[in-house]
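Residue strings, one per chain:
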Amino acid sequence: MKLTLRIWRQKNAQDKGGLETHQLDDVSPDMSFLEMLDVLNEDLLEKGTEPIAFDHDCREGICGTCSLMIDGVPHGPDRGTTACQLHMRTFKDGDTLTIEPWRAKAFPVVKDLVVDRTSFDRIIQAGGYVSVNTGGAPDANLIPIPKAEADVAMDAAACIGCGACVAACKNASAMLFVAAKAGHLGHLPQGEVEKKARARAMVHQMDEEGFGACTNTYDCEAACPKEISVEFIAELHRDYRKGLFSGR
Amino acid sequence: MNWLLRGLRSSVGLKFVMAVTGLLLFGFVLAHLAGNLQIFAGADQLNGYAKSLQDLGPLLWVARGGLLAIFVLHVGTGVMLARRNRAARGTPYAVQKAIDSTHASRAMVSTGVVVMIFVVYHLMHFTLGVGIRPEFHDWTDPQGRHDVYSMVVAGFQQLPIALFYIVSMLGLGVHLSHGLASMFQSLGWNQPKYRSFTRLLGIGITAVIILGNISMPVAAQFGLIELPEWNPLVNGGN
């Protein structure tokens with residue numbers, strides 16, 4: 001396959017940056033998207049130019065490190081798929097692809113396609129935990145939890161914190177991330193106790209970081225590689241509303 | 001009360017304000033439509049209804065004041081959210097595609113502006129009677145009541161005004177189609193089993209609002225409602 005790639009290059013956080021065009025003439029349709037970038041980087045190294053910086057780690061769709069805006073869609077056109085699990089057979093010979101980093105004030109670009117997502121960590125630090133000591137891992141079935149409830153908690157816990165929801169949102173809102181992180185705790189007995197305070201603390205930290213507000217367009221759900229439902233956002237709103245009128 | 005203000009100033013709190021004020025404004029739009037549709041029952045019915053509203057006296061001003069406050073809160077909160085949301089992106093994408101989002105959900109600011117321009121025009125046109133043919137506003141019917149019926153028919157018989165109303169109502173409909181369904185989500189009322197219901201409700205109510213409101217300018221344009229014989233325009237006056 002022949003591809004034309006328009007890739008965002010930016011030396012550092014201060015640099016203005018811009019799109020740079022590269023040609024690849026021999027892309028295998030069986031390559032993953034990141035392998036295709038590896039090939040391009042080897043070309044660049046051979047030519048003695050700086051390779052393109054991009055985030056990646058597990059390359060099996062579970063770590064949430066890869067973060068590429070591919071032709072206007074986070075992680076590319078395949079539903080429920082991270083960029084590392086996206087294969088070049090998705091595209092056609094002769095395609096032109098634009099590759100950009102996540103864009104959000106709360107995700108500043110570090111270099112090229114790499115963004116700083118520690119704002120997510122600070123949201124977790126604000127409330128994405130259970131503050132009582134629950135001891136070691138409990139024996140299986142020691143605390144009975146209905147299967148349906150455990151499944152909902154697991155659906156939320158599938159969030160890998162990649163930030164595709166923020167990247168897709170027209171407001172760069174982190175609501176789906178916050179809702180998933182609050183939701184997987186809130187559906188289990190250990191986490192349920194603090195769910196109202198948690199909703200408040202995490203939402204306020206999200207605002208502090210400069211993420212936008214939710215307009216209920218649901219592009220986040222569509223972009224999420226783990227297909228996390230916006231129902232969790234409604235739940236977060238519910239917990240926040242209840243927390244607003246209860247407690248101290 | 002600090003807890004309330006702080007809570008309502010967050011991104012989620014502002015959405016609560018949007019949802020609640022939006023619901024109240026929507027209630028007004030429905031009631032307003034129900035009132036206006038009486039035009040099809042004739043001049044006597046509509047003018048009588050208008051008089052009963054005028055006769056509320058001070059209560060009418062309380063209602064108007066409340067409505068204005070809700071409107072200002074809705075628009076003000078919307079502006080605050082839109083500014084925050086714009087700032088949250090920072091550098092724009094070279095290419096960004098909508099995936100599942102509807103046009104209506106992405107165009108809330110623009111359709112909101114359409115509605116706001118319309119409201120200002122509409123108030124000048126019918127309520128205040130300034131700027132746009134103020135003499136229409138002084139008409140009375142044989143019982144000496146303010147002749148709302150003639151004012152509406154004469155207004156809507158003019159093609160540009162009728163078109164402006166129709167386009168504005170389409171804007172309002174698009175705004176409500178997202179706003180109503182969105183309200184359930186923002187207030188945390190949305191549950192998986194309600195999802196198809198809220199979506200249908202948004203579309204259904206929108207259709208009622210659009211069709212109901214545009215039926216009046218359309219009827220005037222096609223001569224289905226006409227000026228009463230007592231109106232000065234009928235005998236080649238004005």
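Since this is a predicted model, take the numbers as computed values, not measurements. (Residues numbered from 1 in each chain as written. Chains lettered and ligands numbered in written order. Predicted model: local features only at pLDDT ≥ 70, side-chain atom pairs only at ≥ 80, totals over all residues. Heavy atoms only, no water.)

Enquirer: How should I be thinking about helix H7 (residues 148-156) of chain B in this particular structure?
Expert: Note on helix geometry: an α-helix contains 3.6 residues per turn, so any two residues three or four positions apart are oriented the same way. Residue and element names in this part refer to chain B. Counting buried positions along H7 gives nine out of nine residues, so the element sits mostly inside the fold. For H7, the complete set of buried residues consists of Val148, Tyr149, Ser150, Met151, Val152, Val153, Ala154, Gly155 and Phe156. Turning to H7, the residues buried within the fold contact helix H3 (43-54), helix H6 (108-128), helix H8 (159-186) and helix H9 (195-221). (Buried < 20%, exposed > 50% of the residue type's maximum accessible area, 1.4 Å probe, protein only. Helix = DSSP H or I, 4+ residues; strand = E, 2+ residues; numbered from the N terminus. Contact = heavy atoms within 4.5 Å.)

Enquirer: Just to check I follow, could you spell out the domain arrangement of chain A for this structure?
Expert: Size of an interface, as often reported, equals the accessible area lost when the parts are brought together. Residue and element names in this part refer to chain A. Looking at the assigned domains, one finds that chain A contains domain 1 (3-110) and domain 2 (118-244). Summarising the inter-unit geometry, the C-alpha centres of domain 1 and domain 2 are found 28 Å apart. On the domain 2 side, the residues contacting the 18 residues of domain 1 number 20 residues. Between domain 1 and domain 2, the buried area comes to about 1,300 Å², and carbon and sulfur atoms account for 64% of it. Summed over the shared surface of domain 1 and domain 2, the result is zero salt bridges. There are three residue pairs in polar contact (both at pLDDT 80 or more) connecting domain 1 and domain 2. Looking at side-chain class alone, the side of domain 1 that touches domain 2 contains nine nonpolar, six polar and three charged residues. (Domains from an automatic or database assignment. Buried area = accessible area lost by both parts, 1.4 Å probe. Salt bridge = Lys/Arg side-chain N within 4 Å of Asp/Glu carboxyl O. Polar contact = N/O pair within 3.5 Å; in protein donor to acceptor, adjacent residues only side chain to side chain. Nonpolar A, V, L, I, M, F, W, Y, C, P; charged D, E, K, R; others polar.)

Enquirer: I keep staring at the interface of chain A and chain B and nothing clicks. Help me out?
Expert: Residue-level contacts link 50 residues of chain A with 41 residues of chain B. Three residues, Arg103, Glu231 and Leu244 of chain A, lead the burial of chain A against chain B; their summed loss comes to 15% of the area buried on that side. At the boundary of chain A and chain B, one finds one salt bridge. Taking the shortest distance from any N to any O, the salt bridge between Arg79 of chain A and Asp100 of chain B comes out at 2.6 Å. Taken together, the elements giving at least two residues each to the side of chain A that touches chain B come down to strand S4 (73-74), strand S5 (96-100), helix H4 (164-168), helix H7 (195-208), helix H8 (219-223) and helix H9 (231-244) of chain A. Grouping the constituent residues of the side of chain A that touches chain B by class yields 27 nonpolar, 10 polar and 13 charged.

Enquirer: Honestly, H9 of chain B in this entry has me stumped. Any pointers?
Expert: Residues and elements named next belong to chain B. Between the first and last C-alpha of H9 there are 39 Å, a value that for 27 residues agrees with the 39 Å anticipated at 1.5 Å per step. Of all bends in H9, the biggest is about 35 degrees, found at Ser215, and the proline Pro217 comes one to four residues later. When H9 is considered as a whole, its buried residues turn out to be Thr198, Gly202, Thr206, Ile209, Ile210, Gly212, Asn213, Ile214, Met216, Pro217, Ala219 and Ala220. The inward-facing, buried residues of H9 abut helix H2 (11-36), H7 and H8. In the segment just after H9, Gly223 is the residue with positive phi, at about 75 degrees. (Expected span 1.5 Å × (residues − 1). Bend = angle between axes of the 7 residues up to and from the residue.)

Enquirer: Where do I start with the pairing of strand S1 (residues 3-9) of chain A in this structure?
Expert: A regular strand places its side chains on the two faces of the sheet in alternate fashion. Residues and elements named next belong to chain A. Burial within S1 is extensive, with six of its seven residues counted as buried. The pairing of S1 with strand S2 (residues 18-24) spans seven bridges and is classified as antiparallel. Considered in S2, the bridge of Leu5 is made with His22. Of the strand pairs in this sheet, S1 and S5 are connected by four bridges, and their pairing is parallel. Paired with Thr4 across the bridge in S5 is Thr96. (Pairing = 2+ DSSP bridges.)

Enquirer: Could you clarify how one ought to interpret the pattern of salt bridges in this entry?
Expert: Opposite charge on two side chains allows them to pair when their charged atoms are near. Residues and elements named next belong to chain A. In total, this model carries 14 salt bridges over all chains according to the counting rule given. For Glu209, the salt bridge identified is with Arg122, shortest N-O distance 2.7 Å. Here the residue Glu209 occupies a position in the loop between H7 and H8, and Arg122 occupies one in helix H2 (residues 118-127), the gap between them amounting to 87 residues. A relative accessible area of 14% means that Glu209 is categorised as buried.

Enquirer: Help me understand a negative patch on the surface, please; the structure alone is not making it clear to me.
Expert: Residue and element names in this part refer to chain A. On the surface, Asp25, Asp26, Glu42, Asp43 and Glu46 cluster together into a negatively charged patch. Relative to the assigned elements, Asp43 resides in helix H1 (residues 33-46). A relative accessible area of 31% places Asp43 in the partly exposed class. (Patch = residues over 30% accessible without salt bridge, like charges linked within 9 Å, V, L, I, M, F, W, Y side chains within 5 Å. Areas by Shrake-Rupley, 256 points an atom, 1.4 Å probe, with all protein chains shown as cover. Lys, Arg positive; Asp, Glu negative; His and termini not counted. Charge placed at Lys NZ, Arg CZ, Asp CG, Glu CD.)

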